[in-house]
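In case you want the letters, here they are:
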Amino acid sequence: MALVCVGGAACHFGGPEPLPLRGATPALVAVWPHAFGASGEGHVDWFAGLGTELRRRGYGVVAPRVVRTMLVDAGLDPVEPSAAAAATLHADAVLELWVRTFDADGDGNGLQHARWDLEWRLVSQHGEGLQWRYAHHGTWRAADRARQTALERSEELGPAAIPPIVPIGGDGGPGFRDAASLLAFLHREAMQFLPERTEADR
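Overview of the packing of aromatic side chains
Taken as a whole and judged by the stated rule, the model has six aromatic pairs. A ring pair is formed by Trp46 and Phe102, whose centres lie 5.2 Å apart and whose planes are at 70 degrees; its orientation type is edge-to-face. A residue pair is termed long-range when its members are at least 10 positions apart, and Trp46 in the loop between strand 3 (28-31) and helix 1 (50-56) and Phe102 in strand 5 (residues 93-107) qualify at 56 residues. Trp46 gets classed as buried once you look at its relative accessible area, which sits at 6%. Note on Phe102: relative accessible area 7%, which makes it buried.

A word on the confidence of the model for the protein
Summary statistics for the protein give a mean pLDDT of 81 and a share of 76% for residues scoring 70 or more. Within the model, pLDDT remains below 50 along residues 148-172, and this stretch shows 64 contacts once partners closer than five positions in the same chain are excluded.

Section: the sheet that holds strand 7 (residues 130-141)
If you walk across this open sheet you meet the five strands as 4-3-5-6-7, and the pairing is mixed. Only two strands of the sheet have a single neighbouring strand rather than two, namely strand 4 (60-62) and strand 7. Within the sheet, the average angular offset between the axes of one strand and its neighbour, ignoring direction, is 20 degrees. Both strand 6 (residues 110-124) and strand 7 contribute to a ladder of eleven bridges, which runs antiparallel. Note that in strand 7 the partner of Asp117 across the bridge is His137. Lying on the sheet, helix 2 (residues 64-73) is in contact with strand 3 and strand 4; it crosses strand 4 at an angle near 55 degrees.

Regarding the pattern of salt bridges
Taken as a whole and judged by the stated rule, the model has seven salt bridges. We note a salt bridge from Glu119 to Arg121, for which the minimum N-O separation is 2.8 Å. With a relative accessible area of 2%, Glu119 lands in the buried category. Under the relative-accessibility criterion, Arg121 is labelled partly exposed at 23%. When salt bridges with common partners are traced through the structure, they connect Arg100, Asp117, Glu119, Arg121 and Arg133 into a single cluster.

Quick notes on the rules
Residues numbered from 1 in each chain as written. Predicted model: local features only at pLDDT ≥ 70, side-chain atom pairs only at ≥ 80, totals over all residues. Heavy atoms only, no water. Phe/Tyr/Trp six-rings, centres within 6.5 Å; stacked < 30°, edge-to-face > 60°. Helix = DSSP H or I, 4+ residues; strand = E, 2+ residues; numbered from the N terminus. Buried < 20%, exposed > 50% of the residue type's maximum accessible area, 1.4 Å probe, protein only. pLDDT = per-residue confidence, 0-100. Contact = heavy atoms within 4.5 Å. Pairing = 2+ DSSP bridges. Axes fitted to C-alpha atoms, helices over the stretch in contact; angles between N-to-C directions. Salt bridge = Lys/Arg side-chain N within 4 Å of Asp/Glu carboxyl O.

Now the structure itself:
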């Protein structure tokens, strides 16, 4: 069984079991450049590290900034997906980020506390609809880093949830310098539930 470490100090055994992907595995995924439900948080880099994590799973990626440029150049709305947008992007699927809740506050020493409720959705551009989704909600506080469990995980995943982080000779979880570093961490964890694209899919 694999040993997975977070932040160099906290580890847990095993890795998450990917959630099933419906339909054909996409080769090229476009990251939609608008975080749904997050119109009032324009200062947040919602997609920090997401493209990198998708590539690690074996997918080709069209980055959100590139997607936005392509849509704007084509005279299309970069907020609401459309059939015309799908034709312009030439991607097999679009990865959407849905933000129900996201609050992250800190100071010069990094984030002090955060609360989130996020969902990642992979939507086919070839008529197969919603192919995959993963939802996660939780809280984090810098004051809790010395405790055994630093992140509260979504209960709706049942047995697919990652076991709690267990400290080994250090603090009880990662620290985050800002909202972007927290989001990069959450994207990395979420993409572990996306099935890898293997040679058999190519």
